[in-house]
Amino acid sequence: LPLDLSRIVFLATANDLSKLPGPLLDRMECIEFSGYTDKEKLAIGQQYIVPRQLKVAGLSRATVQFADEALLRVIGDYTRESGLRNLERQVADVCRKIAMISLKAGENREQQVVIEGATIHKLLGPRTFYRDAAEAEPQIGIATGMVWSETGGEIISVEAAMMRGSGTLLLTGSLGEVLRESAQTVLSYLRSNAHLFSIADDFFKDTDIHIHFPAGAISKDGPSAGVTIFAALLSLLTKRPARRNVALTGEMTLTGRILPVSDIREKILTAKHAGVTT
């Protein structure tokens, strides 16, 4: 049947535009939505998510309350997302367990219960996510970087090690092609400018260098880790530990220029959450 689509508007959402076909993306107008900050998630959680999940679990807001610290623990330790879906799932899990405990204990339904931060770990178990890179001691060959993923900003540690070999660059950590090229570019820059950093010109002649991105199960790509790789390699080659409370992001060129990158808001929010100061 003929169908007039001239006045129809199609709406679509995507976490990662790079996975959309080019011809389709070219015919769409893209509107970027930033993820929620922890402060925004806390407000939305207290005003909407908690009351809704308490009602679903058969609990009363008057008798069960979530302390702000408890909700922040759920946000920071058990969810890693730019939205709110997992936060709602975890809050629902807590509410169901509180309801079960109350039924088993035969407690008075009118007795007020306040969920504190320590209670969250008892109910949800060991924390799922750790973002404490900035709290670690400075080490030689390890630098802290800020990258973007489908779940928002991420803090990563880039690790570099060297050993006797034949001048091979090893890259591991489920890396994409762009990230591999960034590492090659950084190494070439260091080799061509070794004198600027008091590094032996032939440091790569009889040496293998291994660069690793932890959390190998998570795919990583993009140019913004270039300057972080540079810091890790420079730390390794000069035997000087890199400060872990300094996070880096930026694309590095073969001549040492630092090019701008995107998603700065998400990266800085994540860095602040991890304790990064610079």
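Our structure is the block above this text.
Residues numbered from 1 in each chain as written. Predicted model: local features only at pLDDT ≥ 70, side-chain atom pairs only at ≥ 80, totals over all residues. Heavy atoms only, no water.

**Q** When you look at the layout of surface pockets in this model, what are you seeing that I'm missing?
**A** It is a probe the size of a water molecule, rolled over the atoms, that shows where empty space is left. Size it by volume and the largest pocket reaches roughly 1400 Å³. Taken together, 35 residues line the largest pocket, and the ones lying closest to its centre are Thr-13, Ala-14, Asn-15, Ile-31 and Phe-33. Its residues assigned to classes, the lining of the largest pocket shows 16 nonpolar, 10 polar and nine charged. (1 Å grid on protein atoms, 1.4 Å probe; cavity = no way out; pocket = protein on both sides within 12 Å on 5 of 7 lines; lining within 4 Å. Points joined across faces, edges and corners; volume = space filled by probe spheres on them. Nonpolar A, V, L, I, M, F, W, Y, C, P; charged D, E, K, R; others polar.)

**Q** It is not clear to me how the packing of aromatic side chains should be interpreted in this structure. Could you clarify?
**A** Each pair of aromatic rings is reported with the distance of its centres and the angle of its planes. Taken as a whole and assessed by the stated rule, the structure comprises four aromatic pairs. An aromatic cluster is defined as three or more aromatic residues linked by ring pairs; in this entry it consists of Tyr-189, Phe-197 and Phe-230. (Phe/Tyr/Trp six-rings, centres within 6.5 Å; stacked < 30°, edge-to-face > 60°.)

**Q** Help me out: how do you make sense of the pattern of salt bridges in this one?
**A** Any two side chains of opposite charge can pair, on the condition that their charged atoms come close. What the rule picks out here adds up to four salt bridges. Between Lys-97 and Asp-93 there is a salt bridge, and its shortest N-O distance comes to 3.7 Å. Of this pair, Lys-97 and Asp-93 both sit in helix H4 (residues 85-105), separated by four residues, roughly a single helical turn. With a relative accessible area of 31%, Lys-97 lands in the partly exposed category. (Salt bridge = Lys/Arg side-chain N within 4 Å of Asp/Glu carboxyl O. Helix = DSSP H or I, 4+ residues; strand = E, 2+ residues; numbered from the N terminus. Buried < 20%, exposed > 50% of the residue type's maximum accessible area, 1.4 Å probe, protein only.)

**Q** I keep staring at the nonpolar core and nothing clicks. Help me out?
**A** Soluble globular proteins tend to bury their nonpolar side chains together. Among the nonpolar cores identified, the biggest contains 31 residues, and Leu-169, Leu-190, Ile-209, Ile-211, Phe-213, Ile-229 and Leu-233 are the most heavily contacted of them. Among the nonpolar cores identified, the runner-up in size contains 23 residues, and Ile-75, Tyr-78, Val-94 and Ile-98 belong to it. (Core = buried A, V, L, I, M, F, W, Y, C linked by side-chain atoms within 4.5 Å.)

**Q** Could you clarify how one ought to interpret the side chain of Thr-144 in this entry?
**A** With respect to the helices, strands and loops of the structure, Thr-144 is situated in strand E3 (residues 142-149). In terms of polar contacts, Thr-144 uses its side chain to reach the side chain of Arg-244, at 3.2 Å. (Polar contact = N/O pair within 3.5 Å; in protein donor to acceptor, adjacent residues only side chain to side chain.)

Function cannot be read off these values alone, since they describe shape.
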